[in-house]
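If you want the building blocks of each chain, they are given just below.
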Amino acid sequence: MLTLLDQLDKGTLWRSPGGIHPPEVKFLSNSTPICQLPFAQEYLVPVPQVGENCTLAVKVGDKVLKGAPLTQGTSIWHLPVHAPTSGTVVAIEPRASNHASALPVNTCVIAADGEDRWCELTPGSIELSNHEMIAKIHGAGIAGMGGAAFPSHIKLNPVSEIELVIINGVECEPYISADDRLMREYSQDILAGIGIIHRLLAPKRIVIAIEDNKPEAIKAMQQAVSQSTLPAGSTRVTAIPTKYPSGGEKQLIQIITGREVPSGAIPAKLGIVVHNVGTAFAIHQAVTQGKPLIERVVTVTGQNVGKPGNYWLPIGTPVEHVLKHTEFNAEADQKVIVGGPMMGHALPTIQVPILKGTNCILVPSSQEIGTTPEEKACIRCGECANACPALLLPQQLFWHAKAEEYDKAASYNLKDCIECGCCSYVCPSDIPLVEYYRIAKSALKQAADEKHQAERAKLRFEARIQRLEEEKLAREAKAKEAAARRQATMTSTDKNAVAEAMARIAAKKAAAAETTADNAPVEVVAADASSTEAPKGKAAVAAAIARAKAKKAAAAAQGADDAESSQKAVSSEQTASSEQSEPTEQTESLSQKDKVAAAIARAKAKKAALKAGSDANGDTDVATDNTDKPATETTANAEVDDKKAKVAAAVARAKAKKAAAQQAESSEVTEVQSKLAADAKPESESSSVPSAPLSLEDEKKAKVAAAVARAKAKKAASQQAESSDVAEVQPELVADAKPESDVESGSELGAQSGDESSSVAEPSAPLSPEDEKKAKVAAAVARAKAKKAAAQQADSNDVAEVQPELIADAKPELTNEPDSESGSQSGDESSSVTEPSAPLSPEDEKKAKVAAAVARAKAKKAAREANAISDANE
């Protein structure tokens with residue numbers, strides 16, 4: 001079985017999957033030699049072009065020479081940028097980039113002076129060491145000239161052993177002929193560069209691969225190989241079949257060796273390195289002549305160019321300048337494409353520079369490349385999968401990229417797509433598949449960059465935390481060492497002095513703690529508190545509080561006397577009015593309530609007077625015996641007493657309002673009754689004369705009147721019972737009141753007599769259990785009164801409605817049933833008056849009016865009582 005090297009020597013080739021055969025159209029540019037264009041007035045040099053960020057080595061206004069470095073950096077991934085000609089740096093600003101997006105990039109603008117003077121160059125030789133050669137290649141800024149622009153010095157310094165080097169001269173892209181003309185004209189220089197690559201990598205074989213549609217280039221390279229100093233049999237020129245994209249790195253390796261580069265891997269893992277023929281030429285110039293990469297061969301082609309061909313263009317030459325000097329004839333909606341028709345991109349503006357990876361400027365006519373067709377729906381034909389040289393699934397990649405499901409697209413090996421454009425070329429629906437893939441790749445790259453930046457920020461943060469911790473530990477260790485040194489150098493006298501100082505500090509702290517404890521208020525927790533002596537200041541405070549209490553008690557006693565006299569006056573007026581107007585049972589119950597209220601007021605006044613006397617007599621005792629009691633405790637009791645006094649004053653005002661309302665109602669009832677009695681006098685006088693025995697009709701009327709009178713008596717008895725209940729409850733409340741609350745009764749009555757309309761301020765502190773109990777009892781009494789008032793109002797309304805109906809419904813049908821009617825009267829009064837037998841006489845009508853007036857007065861009184869109770873509750 002033949003080895004790989006044997007198969008390479010025999011020229012064995014393998015077939016690559018996929019691929020297409022588009023029209024080549026290379027004849028437009030490959031028939032003329034490489035030419036030079038006039039110098040441009042300005043050169044636009046983007047910084048950086050390849051690799052990581054760098055720093056500028058020039059500033060605005062500096063004079064630069066041709067080949068002078070414009071940037072500098074320390075990273076291995078940094079490639080320097082050099083001045084394409086001599087001139088002056090006139091600006092360093094963002095300019096449009098040579099990209100489909102035309103995003104602005106930082107650009108160094110050089111105004112050419114026309115002299116084109118070189119900087120000092122350092123030529124080398126083949127005698128340099130490998131490290132020196134790689135340093136020269138790195139310093140020259142050489143990148144892959146095939147379009148990828150990967151740093152060449154990294155490829156020339158691999159970590160693994162390289163067995164095979166492939167020099168890529170395939171140039172499969174239609175229209176492009178830059179490498180073809182370069183191999184024809186500079187074959188010896190290319191072989192010299194291949195010799196340097198052989199020196200650095202020491203491969204076993206070198207294969208120069210060229211498509212079979214370039215016979216002149218194949219012949220020129222074979223002659224150069226035969227004349228080179230490379231080891232015999234190590235280098236050969238291999239012609240491969242013309243098929244797009246045979247020039248791709250992985251596709252070319254598969255054609256030459258039959259091996260497939262794994263997904264995500266690089267060819268160096270297989271022991272293979274691929275370089276472009278243009279890169280080999282640039283390596284030769286950099287090592288042997290010391291020239292940096294400042295110019296390259298670019299194909300300018302298309303039917304709208306008057307002078308198509310290949311030109312040496314300095315890096316940074318504006319595309320506008322190139323088209324101007326190649327007789328560009330623009331059409332409407334003219335496209336200018338950088339790169340070939342398959343992998344290139346249209347420029348939004350021609351004010352962009354030539355870069356190290358720019359190999360073609362295509363200016364096609366409308367007959368060559370028509371307008372972009374409208375995208376149609378995918379018909380799932382599968383042609384894209386058959387044409388894919390990377391054996392991917394373009395249809396699945398399209399669905400996920402269109403839905404912005406970039407993670408799923410990546411799972412289908414999106415990164416292995418070489419963007420060759422075969423899928424878009426064969427798609428019958430005119431779907432720009434490659435554009436979707438480029439967008440998806442950009443999104444994934446941006447996400448990866450953000451993740452990388454976040455990881456770097458995390459590492460910096462962790463490093464900072466670790467550094468701070470180490471510095472802290474170092475400071476602590478340094479302090480301990482200093483303390484140990486001081487301890488070691490101290491004498492016995494110094495140690496005693498330190499101990500004495502520490503003792504003094506401890507004593508001061510203890511004294512300060514004791515002083516703070518003495519000044520703080522202490523609660524009385526034991527009965528034998530007399531063993532501790534209170535400071536003189538507390539006695540003075542207690543004496544002042546006692547004097548304030550005495551003044552308050554005197555004012556309360558005076559207010560109680562005034563309240564008692566006012567209550568007596570009110571009760572005397574009520575008694576006089578009741579005697580003159582012959583009040584009913586309800587009026588007597590109201591005067592009884594007034595008497596109860598007056599009695600309560602007198603009791604409170606007496607207690608206040610007694611308390612005032614005891615406080616006045618005990619001022620000295622309070623100042624001497626109770627000196628242990630803190631001033632704060634007395635002040636708190638005073639605040640609680642004030643709150644109790646305000647609540648009691650509010651209750652007293654409510655009672656006074658209720659008594660006044662009852663008195664007004666009783667006077668109204670008395671006036672109505674007197675008027676009715678005066679109207680009924682003549683009839684009563686005339687009826688006082690003895691008459692004959694009553695007839696059946698008169699007897700029936702008498703029974704009806706008797707039933708009405710019994711109903712009134714029952715209602716009056718129930719009302720009297722209710723008033724007696726209230727009178728019983730109130731003495732209980734008075735009896736339950738403790739001396740602490742009774743002391744302030746004088747202030748309550750004083751507040752009542754002074755200003756009854758003032759509102760009661762709610763206590764700002766929570767009530768004691770005793771006060772809370774009193775409040776609950778008062779609330780219960782108020783609810784009972786409200787219920788009774790509602791019942792009285794309902795009864796009075798019923799009576800007022802029943803009585804007129806009884807009077808109006810008296811009919812003659814009941815004359816034949818007197819016995820049964822009288823019996824039903826004794827059993828049930830309401831049923832005895834349901835059917836009167838005859839119309840009422842004037843005397844009975846008068847009685848009915850009196851009863852109706854009484855009922856209305858009762859209803860009014862009940863409503864007022866309910867209102868008074870609700871006010872008291874509020």
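Scroll up a little and you will see the structure.
Figured I'd write up the structure that's included with this text. (Residues numbered from 1 in each chain as written. Predicted model: local features only at pLDDT ≥ 70, side-chain atom pairs only at ≥ 80, totals over all residues. Heavy atoms only, no water.)

Notes on the overall build of the chain
- Along the chain, the regular secondary structure elements total 26 helices and 16 strands.
- Counting over 874 residues, the chain shows a buried share of 39%.
- Partitioning the intrachain contacts of the chain with sequence separation of at least 6 by distance along the chain shows that 78% fall at a separation of at least 24.
- Carbon and sulfur atoms make up 55% of the accessible area of the chain, which totals about 46,900 Å². (Helix = DSSP H or I, 4+ residues; strand = E, 2+ residues; numbered from the N terminus. Buried < 20%, exposed > 50% of the residue type's maximum accessible area, 1.4 Å probe, protein only. Contact = heavy atoms within 4.5 Å. Areas by Shrake-Rupley, 256 points an atom, 1.4 Å probe, with all protein chains shown as cover.)

As for a nonpolar patch on the surface
- Side chains of Ile76, Trp77 and Phe150 sit close together on the surface and give an oily, nonpolar patch of about 290 Å² of accessible area.
- Positionally, Ile76 belongs in the loop between strand E5 (71-72) and strand E6 (87-96). (Patch = residues over 30% accessible without salt bridge, like charges linked within 9 Å, V, L, I, M, F, W, Y side chains within 5 Å. Salt bridge = Lys/Arg side-chain N within 4 Å of Asp/Glu carboxyl O.)

What about the environment of Val237?
- With respect to the element layout, Val237 can be found in strand E10 (residues 235-240).
- The exposure class assigned to Val237 is buried, which follows from its relative accessible area of 12%.
- Considered as a pair, Val237 and Ile210 are 27 residues apart in the sequence and their alpha carbons are 7.4 Å apart.
- Dropping the residues within four chain positions of it, Val237 is found in contact with Ile208, Ile210, Ile218, Met221, Gln222 and Val225.

A short note on the nonpolar core
- Counting residues in hydrophobic clusters, the biggest one holds 44 residues, and the most contacted among them are Ile190, Ile194 and Ile208.
- Among the elements of the structure, helix H2 (130-139), strand E8 (164-168), helix H4 (178-185), helix H5 (187-201), strand E9 (205-211), helix H6 (215-227) and helix H8 (277-289) are those that each provide at least two residues to this core.
- Filtering out sequence-adjacent residues up to four positions away, Ile194 remains in contact with Ile167, Ile206, Ile208, Leu230 and Ala280.
- Within the second largest apolar cluster, 23 residues are counted, among which are Ala209, Leu252, Val274 and Cys422. (Core = buried A, V, L, I, M, F, W, Y, C linked by side-chain atoms within 4.5 Å.)

Details of the environment of Thr358
- Within the secondary structure, Thr358 is located in the loop between strand E15 (345-346) and strand E16 (360-362).
- We classify Thr358 as buried; its relative accessible area is 4%.
- Along the backbone, Thr358 and Gly344 are 14 residues apart, and their C-alpha atoms lie at a distance of 9.7 Å.
- When residues no more than four places from it in sequence are discounted, the contact partners of Thr358 are Asn98, Arg296, Val297, Val298 and Val338.
- At 3.1 Å, the side chain of Thr358 forms a polar contact with the backbone nitrogen of Leu355. (Polar contact = N/O pair within 3.5 Å; in protein donor to acceptor, adjacent residues only side chain to side chain.)

So, the state of the cysteines
- Here the structure, examined in full by the defined rule, presents 0 disulfides.
- We note that Cys172 lacks a disulfide partner, and the nearest cysteine sulfur, in Cys422, lies 8.7 Å from it.
- The thiol sulfur of Cys427 is not disulfide-bonded, and the nearest other cysteine sulfur, from Cys381, lies at 6.3 Å.
- Overall, the relative accessible area of 14% leaves Cys427 in the buried class. (Disulfide = S-S within 2.5 Å.)

Details of unusual backbone geometry
- Looking along the chain, the bond that leaves Tyr244 and enters Pro245 is cis, with omega of 5°.
- Looking at where Pro245 falls in the secondary structure, it is placed in the loop between E10 and helix H7 (249-257).
- Notably, Ala102 is not glycine yet its phi reads approximately 55°, a positive angle.
- As for its position among the elements, Ala102 is in the loop between E6 and strand E7 (104-112).
- Positive phi outside glycine occurs at Leu391, with the angle close to 55°.
- In this fold, Leu391 is placed in the loop between helix H10 (383-387) and helix H11 (394-402).
- For Leu391, a relative accessible area of 56% corresponds to the exposed category.

Considerations on the sheet that holds strand E11 (residues 272-276)
- The strand order E10-E9-E8-E11 describes an open sheet built from 4 strands, whose pairing is parallel. Each edge of the open sheet carries a strand with a single partner, namely E10 and E11. Neighbouring strand axes in the sheet, compared pairwise and without regard to direction, differ in orientation by 25° on average.
- Of the pairings in the sheet, the one linking E9 to E10 comprises 6 bridges and is parallel in character. Note on E10: the bridge partner recorded for Ile208 is Val237. (Pairing = 2+ DSSP bridges. Axes fitted to C-alpha atoms, helices over the stretch in contact; angles between N-to-C directions.)

Focus on the side chain of Thr238
- Mapped onto the elements of the fold, Thr238 is located in strand E10.
- A residue is classified by how much of its surface remains accessible, and Thr238, at 6% relative accessible area, is buried.

Some words on the pattern of salt bridges
- Per the stated rule, a full pass over the model turns up 19 salt bridges.
- In this structure, the salt-bridge partner of Asp116 is Lys66, at a minimum N-O distance of 3.1 Å. Placement of the pair is Asp116 in the loop between E7 and H2 and Lys66 in the loop between strand E4 (63-64) and E5, with a sequence separation of 50 residues.
- Accessibility expressed as a relative area gives 19% for Asp116, which makes it buried.
- Take Lys66: its relative accessible area is 10%, and that puts it in the buried class.
- Among the ionic pairs, Lys441 bridges to Glu419, the shortest N-O distance being 3.3 Å. On the criterion of sequence distance, the pair formed by Lys441 in helix H14 (residues 433-489) and Glu419 in the loop between helix H12 (406-411) and helix H13 (422-426) is long-range, its members being 22 residues apart.
- On the basis of relative accessibility, which here comes to 19%, the residue Glu419 falls in the buried class.

Thoughts on the packing of H5 against H6
- For the pair H5 and H6, interaxial distance at closest approach is 9 Å and the crossing angle is 55°. Looking at the two axes, H5 sits oblique to H6. H6 is crossed by H5, and the crossing has right-handed handedness. On the side of H5, the interface is formed by Ser187, Gln188, Ile190 and Leu191, while H6 contributes Ala220, Met221, Ala224, Val225 and Gln227.
- Looking at side-chain class alone, the contact of H5 with H6 contains 6 nonpolar, 3 polar and no charged residues. (Parallel < 35°, antiparallel > 145°, perpendicular 65-115°, else oblique. Left-handed = near helix turned anticlockwise from the far one by under 90°. Nonpolar A, V, L, I, M, F, W, Y, C, P; charged D, E, K, R; others polar.)

Quick notes on H2
- All of the buried residues along H2 are Met133, Ile134 and Ile137. Considered in projection along H2, the buried side chains sweep an arc of 95° and stay on one side of the axis.
- Among the structural elements, helix H3 (152-155), H5 and H8 are those in contact with the buried residues of H2.
- Looking one or two places after H2, you find Gly141, whose phi comes out positive at around 70°. (Arc of directions from axis to C-beta.)

Things to note about the sheet that holds E6
- Pairing is antiparallel across the open sheet formed by 4 strands, whose spatial order is E2-E7-E6-E4. The open sheet is flanked by strand E2 (42-46) and E4, the only strands paired with a single partner.
- Of the pairings in the sheet, the one linking E6 to E7 comprises 9 bridges and is antiparallel in character. Each bridged residue has a counterpart across the sheet, and for Glu93 the counterpart in E7 is Thr107.

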